[in-house]
Amino acid sequence: MLFSAQFNTLCATINPNFDMRPIRIAILASGSGSNAENIFNYFSQREDIQINLIISNKAEAYVLQRAKRLGIPSLFMSKPELGDTDSVLSVFRKYSIDFVVLAGYLLRIPDGLIKTYPNRIINIHPALLPKFGGKGMYGEKVHRTVVESGERESGITIHYVNENYDEGSIVFQAKCPVLEEDTPDEVAKRVHELEYKHYPSVIDQIIRKEFGI
Ligand code: GRF
């Protein structure tokens, strides 16, 4: 399948006056959505890359309220729907989605979707993979495990999504210290700061590289 963004690039090469449409991002999130909002703000003045859709698997997730406030189209989809490649693809096609960002999203991405969007789905993990990742390692549990393991540093990992939880190739990592007296909450706070600082610009770089813009 030729992605619409690749088609645009091809047309622009043939005809420099061709009007390129923006790369369209869907964000998938299960919780508060502070990263989703931060990413939206980063791209809000951009014409080449836009956040066009937010999907949550939790009807009551705060991210859906944020989306409404920010004027971003948003949808609740059930776990079975999100596990079904065709259901997700039909939504992505409706919104012409080119790239997918996971931001605190807790469900597995179906294999068919990964195949249809190769190197087009990325995730952020709140620790330094390959340590402290895998099924069930999310939220407070990650930071508690880091503290209990006596680690002296933690951080963030941004990686492509493949068929296994937290195992896709790593694009970017940033570290922060873990102090002896730190609680999991204090580590989480430091890690969140790294997420806000780096996730949007890393998404920007990945998209520009993948789509040649
Ligand atoms: C972040 O720490 C992210 O790394 C993890 O889930 C958290 C989501 O936070 N995967 P928020 O919903 O963006 O506030």
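One structure accompanies this document, and this report is about it.

With that settled, the discussion passes to the packing of aromatic side chains. Applying the stated criterion across every chain, the model contains three aromatic pairs. On the numbers, 4.7 Å between centres and 75 degrees between planes, the contact of Tyr 42 with Phe 43 is edge-to-face. A relative accessible area of 2% places Phe 43 in the buried class. Geometrically, the ring pair formed by Phe 92 and Tyr 117 is edge-to-face, given 5.6 Å between the ring centres and 75 degrees between the ring planes. Separated by 25 residues along the polypeptide, Phe 92 in helix H5 (residues 85–94) and Tyr 117 in the loop between helix H6 (111–116) and strand E5 (121–125) bring together distant segments of the chain. Accessibility expressed as a relative area gives 5% for Tyr 117, which makes it buried. Across the ring face of Phe 211, the terminal group of Arg 120 is positioned such that the distance to the ring centre comes to 4.3 Å.

Cis geometry marks the peptide bond from Leu 129 to Pro 130, where omega comes out at 10 degrees. For Pro 130, the position within the fold is in the loop between E5 and helix H7 (140–148). You will see that Asn 119, though not glycine, has its phi angle at about 55 degrees, which is positive. Here Asn 119 lies in the loop between H6 and E5. What makes Asn 119 partly exposed here is its relative accessible area of 42%. Not every positive phi belongs to a glycine, and Phe 132 is a case in point at roughly 60 degrees. Mapped onto the elements of the fold, Phe 132 is located in the loop between E5 and H7.

The pairing of strands in a sheet happens through backbone hydrogen bonds and is either parallel or antiparallel. Spatial strand order, E3-E2-E1-E4-E5-E6-E7: seven strands in an open sheet with mixed pairing. Across the chains shown, the open sheet's two edge strands, defined by having one partner strand only, are strand E3 (74–76) and strand E7 (170–177). Direction aside, the axes of adjacent strands within the sheet are offset by 20 degrees on average. Summarising the sheet, strand E2 (residues 49–56) and E3 pair through three bridges and their orientation is parallel. Its bridge partner being in E3, Ile 55 is matched across the sheet by Leu 75. Helix H8 (residues 184–211) rests against strand E1 (23–28), E2, strand E4 (99–102), E5, strand E6 (153–160) and E7 of the sheet, and its axis sits at about 25 degrees to E6.

Criteria and cut-off values
Residues numbered from 1 in each chain as written. Predicted model: local features only at pLDDT ≥ 70, side-chain atom pairs only at ≥ 80, totals over all residues. Heavy atoms only, no water. Phe/Tyr/Trp six-rings, centres within 6.5 Å; stacked < 30°, edge-to-face > 60°. Buried < 20%, exposed > 50% of the residue type's maximum accessible area, 1.4 Å probe, protein only. Helix = DSSP H or I, 4+ residues; strand = E, 2+ residues; numbered from the N terminus. Lys NZ or Arg CZ within 6 Å of the ring centre and 35° of its normal. Pairing = 2+ DSSP bridges. Axes fitted to C-alpha atoms, helices over the stretch in contact; angles between N-to-C directions. Contact = heavy atoms within 4.5 Å.

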